[in-house]
Amino acid sequence: MRATVLIALYAFAGAAAAGVAGAGVLRLIRRRSLTASVAVVAAVGVGAMLAGTLAVAWAMFLSSHDLTVVTTVVAMAAVVSLATALLLGRWVVARSRELADAARSFGDAGAFAAPSVPATAELDALSRELAATSARLAESRERERALEKSRRELVAWISHDLRTPLAGLRAMSEALEDGVAADPDRYLKQIRTEVERLNDMVGDLFELSRIHAGTLPLSPARISLYDLVGDALAGADPLAREHGVRLVGDGVEPVPVEVDAKEMTRVLGNLLVNAIRRTPADGTVAIAAARTADAVVLSVTDGCGGIPEEDLPRVFDTGWRGTDARTPPAGAGLGLAIVRGIVEAHQGRASVRNIPGGCRFEVTLPIPTS
């Protein structure tokens, strides 16, 4: 038993020395190819066996004949191990290079195509993750292109909408200055109207910039939907009378919500104004509010005749006004974008869908915690 323990100790000492040497070599070549690292690992295994054998022989536990036999066996094992390690290393390196080339394609705004040659489980998992990342990047690029397009359209439309009233203001002011205005009071009233419209437009731009920058200040407080809807209806009633549109707000439940009353009133006001302007005379705009199992839903229904299906995903985009809304009274296309921004700032969502004769805008808000 004592001899067995000594043999184990000498073998462990020799193998440990080989392992320490191998660890040092691995540290020195840690930035080199994986093939070299795999070869070192194989060499450490064989070297540890040989070092342990030599240590045992040095302690005179092996005869010279036995040492020769063991050394020959270890040498043959070393040849096979190193050859296998080199083949494995070259195969893994080749798969890694193929994966790197495939990854480079979606880095250049292309789509990721995983290599068809089978790889290790780790490389296969990395390939799947790269494919998922490529899909997310493609979606992000598509959203960025859509946003850039909407920004360009917004700049063009805002420029047009600003230029028209500014030209009118300049002409009317020059007429008043030269004393050639036939009805100065009418000119002054029109100037005030145009200035108020410009002020509203600038206010919308400022609000939208705060939403996009994530700096929209909110002061949530618990309030009844009935009160919110009542205030919004009162504010939109003069415009509805002007357009000959009936406002209906009977389907409103007194459901409590926790929102910024000022901002949410703006949301409802923008939806009502949008609905009134799109509904023909003698039409009806209805607003309703109800509580579902897990949310509070506000809806505004109009009689606009519906929105083309291909335009529905763009309704809340900045600057979108539709093909029939290019005239100044339609606004700068910021109202619905502001609606979505304010609703999402309240952790809610805004949506739209067509119904017979018109469309329905819905605002879904989370139920306040008790």
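The structure we're discussing is the one just above.
Fair warning: this is a prediction, and the values are worked out from it, not measured in the lab. All residue numbers refer to positions counted from 1 along the written sequence of the respective chain. Where totals are concerned, whole chains, interfaces and linings use all residues; where local detail is concerned, this predicted model gives features only for residues with pLDDT of at least 70, and gives and counts side-chain atom pairs only at 80 or more. With hydrogens and water set aside, each side-chain value is computed from the structure's full complement of heavy atoms.

1. A closer look at the overall build of the chain
For step 1, the next point in the chain: Helix and strand counts for the chain come out as eight helices and seven strands.
For step 2, the next point in the chain: Each residue's exposure class comes from its accessible area (1.4 Å probe, protein chains only) as a fraction of the maximum for that residue type: buried when under 20%, exposed when over 50%, partly exposed otherwise. Split into buried and exposed, the 370 residues of the chain put 35% on the buried side. Where helices and strands are cited, they refer to DSSP runs of H or I of at least four residues and of E of at least two residues respectively, numbered from the N terminus.

2. Details of the environment of arginine 349
For step 1, the next point in the chain: Residue position: arginine 349 is located in strand S6 (residues 349-355).
For step 2, the next point in the chain: You can call arginine 349 exposed: its relative accessible area is 55%.
For step 3, the next point in the chain: Sequence separation between arginine 349 and glutamate 362 is 13 residues, and the spatial gap between their C-alpha atoms is 8.3 Å.
For step 4, the next point in the chain: Here, residues are in contact when the closest pair of their heavy atoms is within 4.5 Å. Apart from the residues within four sequence positions on either side, arginine 349 is in contact with Val343, Glu362, Val363 and Thr364.

3. Notes on the pattern of salt bridges
For step 1, the next point in the chain: By convention in these notes, a salt bridge is any Lys or Arg side-chain nitrogen within 4 Å of a carboxyl oxygen on Asp or Glu. Considering all chains together, one arrives at seven salt bridges under this definition.
For step 2, the next point in the chain: The partner of arginine 192 in a salt bridge is glutamate 196, with the nearest N and O atoms 3.3 Å apart. On the criterion of helical spacing, the pair formed by arginine 192 and glutamate 196 is a turn pair, its members being four residues apart in helix H5 (residues 184-213).
For step 3, the next point in the chain: Given the relative accessible area of 59%, arginine 192 is considered exposed.
For step 4, the next point in the chain: Between glutamate 362 and arginine 353 there is a salt bridge, and its shortest N-O distance comes to 3.2 Å.
For step 5, the next point in the chain: Note on arginine 353: relative accessible area 38%, which makes it partly exposed.

4. Some remarks on a nonpolar patch on the surface
For step 1, the next point in the chain: What makes a patch is a set of residues exposed beyond 30% relative accessible area and free of salt bridges, joined within 9 Å when like-charged and within 5 Å when nonpolar (Val, Leu, Ile, Met, Phe, Trp, Tyr). Residue-level accessible areas treat just the shown protein chains as cover; the underlying method is Shrake-Rupley with a 1.4 Å probe. Taken together, the side chains of Met76, Val79 and Val80 make up a nonpolar region of the molecular surface, amounting to roughly 300 Å² of accessible area.
For step 2, the next point in the chain: Counting through the fold element by element, valine 80 comes out in helix H3 (residues 64-107).

5. A look at H5
For step 1, the next point in the chain: To estimate how far a helix should extend, the number of its residues minus one is multiplied by 1.5 Å. Its 30 residues give H5 an end-to-end C-alpha distance of 43 Å, which sits within 8% of 44 Å, the value for a rise of 1.5 Å per residue.
For step 2, the next point in the chain: All of the buried residues in H5 are Ile191, Glu194, Leu198, Met201, Glu207, Leu208 and Ile211.
For step 3, the next point in the chain: Directly beyond the C-terminal end of H5, a positive phi value near 70° is found at glycine 214.

6. A closer look at the pairing of S6
For step 1, the next point in the chain: As judged from the seven bridges shared by S6 and strand S7 (residues 358-366), these two strands associate in the antiparallel manner. Its bridge partner being in S7, arginine 353 is matched across the sheet by arginine 360.
For step 2, the next point in the chain: The criterion for strand pairing is that DSSP finds at least two bridges linking the strands in question. Taken together, S6 and the strand that follows it, S7, pair antiparallel across an intervening segment of two residues, in which glycine 357 is found at a positive phi of about 85°.

7. Description of the side chain of threonine 279
For step 1, the next point in the chain: Within the element layout of this structure, threonine 279 appears in the loop between helix H7 (261-278) and strand S4 (284-291).
For step 2, the next point in the chain: The definition of a polar contact used here is a pair of N or O atoms within 3.5 Å, where within protein one atom must be able to donate a hydrogen and the other to accept one, and adjacent residues in sequence count solely through side-chain atom pairs. From its side chain, threonine 279 meets the backbone nitrogen of glycine 303 in a polar contact 3.2 Å long.
For step 3, the next point in the chain: What threonine 279 contacts, discounting residues up to four positions off in sequence, is Val245, Thr284, Val285, Asp302, Gly303 and Cys304.

8. With respect to the state of the cysteines
For step 1, the next point in the chain: Cysteine sulfur atoms that pair up within 2.5 Å are treated as a disulfide. This model, assessed by the stated rule, comprises zero disulfides.
For step 2, the next point in the chain: Between cysteine 304, a free cysteine, and cysteine 359, which holds the nearest cysteine sulfur, the sulfur-to-sulfur gap is 3.4 Å.
For step 3, the next point in the chain: On the accessibility criterion, cysteine 304 (25% relative accessible area) is partly exposed.
For step 4, the next point in the chain: Using a relative accessible area of 1% as the deciding quantity, one classes cysteine 359 as buried.

9. Describing the environment of valine 93
For step 1, the next point in the chain: Topologically, valine 93 is positioned in helix H3.
For step 2, the next point in the chain: Taking C-alpha positions, valine 93 is 7.6 Å from serine 33, a pair spaced 60 residues apart along the chain.

10. Here's the deal with the side chain of aspartate 302
For step 1, the next point in the chain: Structurally, aspartate 302 is set in the loop between strand S5 (295-301) and helix H8 (335-345).
For step 2, the next point in the chain: Although aspartate 302 is buried, it makes no salt bridge; arginine 278 carries the closest opposite charge, 7.5 Å away.
For step 3, the next point in the chain: Of note is the side chain of aspartate 302, whose polar atom sits 3.2 Å from the backbone nitrogen of cysteine 304.
For step 4, the next point in the chain: A distance of 3.1 Å separates the side chain of aspartate 302 from the backbone nitrogen of cysteine 359, its partner in a polar contact.
For step 5, the next point in the chain: Residue contacts for aspartate 302: discarding those within four places in its chain leaves Ala275, Thr279, Thr284, Val285, Gly357, Gly358, Cys359 and Phe361. None of His or the chain ends enter the tally, which takes Lys and Arg as positive and Asp and Glu as negative.

11. Digging into the sheet that holds S7
For step 1, the next point in the chain: The five strands are arranged S2-S4-S5-S7-S6 in an open sheet whose pairing can be described as mixed. For this open sheet the edge positions go to strand S2 (246-248) and S6, each flanked by a neighbour on one side alone. For this sheet the average axis-to-axis angle between neighbouring strands, irrespective of direction, equals 15°.
For step 2, the next point in the chain: Strand direction decides the pairing type here: S2 and S4, joined by three bridges, are parallel. Here an angle of 0 to 180 degrees is reported between the N-to-C directions of two axes, which are lines fitted to C-alpha atoms, with helices fitted over the stretch in contact.

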